[in-house]
Every structure is written in structure tokens, then in C-alpha cells.
Amino acid sequence: MLHGLGLLAAIAEGDIRAEARRQRAAPGPVKGIVNVGGDGGASGAHTLGRFGWKAGVATLREQIGEAFAYDMGLSNPVVALPAGDCTASQRACLEAPHGGHAGQGGLEVGPDILSMVEHFVGHIAAPSSASVSAGTIAEGGKIFDATGCAQCHSSRHKASILPGGPPGPVQAYSDLLLHDMGAGLGDGRPEGRAGGQHWRTAPLWGQALRRRGGRPVWYLHDGRAKSLVEAILWHGGEAQTARDAFATLSRDGREALLRFLEAL
């Protein structure tokens, strides 16, 4: 989902690191850590990661550049590979013609185009909530907090995409930190400081938008969960206590929590 990415990019790095320190000092199993990523190719430097399943991407520009290259096979200033992530054994892919040209430094997506796409994506508004009663939000929100879901899926951060604008709450329901989610969700693939069982807390905003039109919705990094209930029950590791609290809710309590999530 592209909505609200500019706000996630605008959250101060110090605020994200402060949340990691707060969790380390607090009792309980939730101990989020930060990951690091590149700076979008500008200098080869690394800074705090906030995008991608494992928060291995530092900037919105880098995220867009990697999507151009690895999802669409378009070379750009971030990833200048015309064949994207084709391997050495995929000769046909490597030898296929591409659209790079001299006017763009041999790239298919030049720096000007990349910058325009970055500006556009960075200013797509955050997703709006569904039109439900305040009572529904309040009831489900209390259960969301009581079960411990809000320890990771928090909305403590503030930001503004307007230069010099006053920061406001970022209702993404994510601390943007890495958490060990247990062996059941492990993929065995480390990325930066993330181990095989670490995942960035997925932002929950946009559930109402995703569900519009009656199209199927899949959850978790590999789409294994076909419902919010399945996604919650796959939680383990640091989230095991919250998962167990959800499993023991009454029917009314569970439905209230799900209505809250579906309205985000």
C-alpha cells in the first residue's frame, strides 16, 4: 500500500530509536530493535531502516528504486541493473534488450523521473478509516490495548510531510521496529540486523481501504493468512502473549477487536 509512506519516511530517526530504548527498559517480552539500510545510493552510507518486510530499506527513494528494478526490471539511479535481480544462470534474462538510453545515463528510469515518482508517492495521503461509530472504535481499541497488541502496533510517532509543518500523530499502528515473531513465521533469511525470525511491525492502517470492493485480502509477508484472525494466530515469539490473550477473548470481545481493526 502506497498510502501514507511519506509520513513513515518523515518520522524522526531519534523517535524510532527512543521507542526501541523504551521497549528494552520495559518489562515483558516485547524488545524491538532497529535495522539499518542504505541511503538510496547517494553516498553508500547506512541509516535507520523503516521500509520493507524487515525494515532493511532506509529511504522512500531507495524503496521505489528497488521496486523499479526488482519488481519491474527497470534500471534506475538506486539499482542500475537493467536485468533487475536475474542471476548469472538466467542468460536469456540477462541478454534481453532493455530500454536504457544515453539521455538518462544509460538507465531506463533516470534521476528526474525517479525524483518525481518519489515526490508523488511521498504525498499520497494516509488511508482514511471506515465510517463506523465512535463507540465501536473505543470498545475495540480498549481490547486492542488490553491484549498487548498496541505494544508493537503503536501510534506513538508524530510527523509532517510539509516542510516546517507541525507534526501530527501518525496513525500507522507500527513502531517500525524489528521483532522476533517465532519459528512459525521464520524464513531463515537474515537482512542487516534482522534474523530469520525478525519482521518489521506491519502498519495496520488501511484495512478498510484494502477490503473495499470485496476483493480477497491476504496477510503476513507471504500471504499465508486469509483473514485477520489467521494473521493474529500466526503470531509467536515476542507476540505470543498478545496472541494468547486474543485466543482467550470472549466471542463478543473478539468481534469488537476485529471491527476495530477492519475500520482502520
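In the block above lies the structure referred to throughout.
This structure is a prediction, so every number in the text was calculated from the model and none was measured.

Criteria and cut-off values
Residues numbered from 1 in each chain as written. Predicted model: local features only at pLDDT ≥ 70, side-chain atom pairs only at ≥ 80, totals over all residues. Heavy atoms only, no water. Helix = DSSP H or I, 4+ residues; strand = E, 2+ residues; numbered from the N terminus. Rg over C-alpha atoms; globule rule 2.2 N^0.38 Å. Buried < 20%, exposed > 50% of the residue type's maximum accessible area, 1.4 Å probe, protein only. Contact = heavy atoms within 4.5 Å. Areas by Shrake-Rupley, 256 points an atom, 1.4 Å probe, with all protein chains shown as cover. Lys, Arg positive; Asp, Glu negative; His and termini not counted. Charge placed at Lys NZ, Arg CZ, Asp CG, Glu CD. Expected span 1.5 Å × (residues − 1). Arc of directions from axis to C-beta. Salt bridge = Lys/Arg side-chain N within 4 Å of Asp/Glu carboxyl O.

A.B. asks: Now, about the overall build of the protein chain: what can you tell me, with residues and values included?
C.D. replies: Within the protein chain one finds 10 helices and six strands. Expected size for 264 residues packed as a compact globule is a radius of gyration near 18 Å; at 20 Å, the protein chain falls within 12% of this value. Burial status across the protein chain gives 40% buried among its 264 residues. A fraction of 59% describes how many contacts in the protein chain between residues 6 or more apart in sequence connect residues 24 or more apart. Only carbon and sulfur atoms are counted for the fraction: they give 57% of the accessible area of the protein chain, which is about 13,400 Å². Computed over 25 positive and 25 negative side-chain charges, the separation of the two mean positions in the protein chain equals 5 Å.

A.B. asks: Kindly report on helix α5 (residues 111-122), identifying the contributing residues and their values.
C.D. replies: Its 12 residues place the ends of α5 16 Å apart at the C-alpha level, agreeing with the 16 Å of an ideal helix rising 1.5 Å per residue. Taken residue by residue, α5 has Leu 114, Val 121 and Gly 122 as its buried positions. Buried residues in α5, looked at end-on, bunch into an arc of 95°, giving them a common side. Opposite the buried face of α5, at more than 90 degrees from it, the exposed residues are Asp 112, Met 116, His 119 and Phe 120. On its buried face, α5 sits against α1 (5-10) and α3 (60-72).

A.B. asks: Go over unusual backbone geometry, please, and point to the residues and values.
C.D. replies: One non-glycine residue with positive phi stands out, namely Leu 176, at about 60°. Following the sequence through the fold, Leu 176 ends up in the loop between β4 (168-169) and β5 (178-180). Under the relative-accessibility criterion, Leu 176 is labelled buried at 2%. Residue Leu 220 is not a glycine yet carries a positive backbone phi of 75°. Examined against the element boundaries, Leu 220 turns out to sit in the loop between α7 (207-210) and α8 (228-233).

A.B. asks: A description of the pattern of salt bridges should follow, citing residues and the corresponding values.
C.D. replies: Applying the stated criterion across every chain, the model contains 10 salt bridges. Note that Glu 19 is salt-bridged to Arg 22, the shortest N-O span being 2.9 Å. Of this pair, Glu 19 and Arg 22 are both found in helix α2 (residues 13-25), three residues apart, which corresponds to roughly one turn of the helix. Given the relative accessible area of 36%, Arg 22 is considered partly exposed. The salt bridge partner of Asp 187 is Lys 54, with a shortest N-O separation of 2.8 Å. With Asp 187 in the loop between β5 and β6 (198-200) and Lys 54 in the loop between β2 (46-49) and α3, this residue pair connects regions lying 133 residues apart in the sequence.

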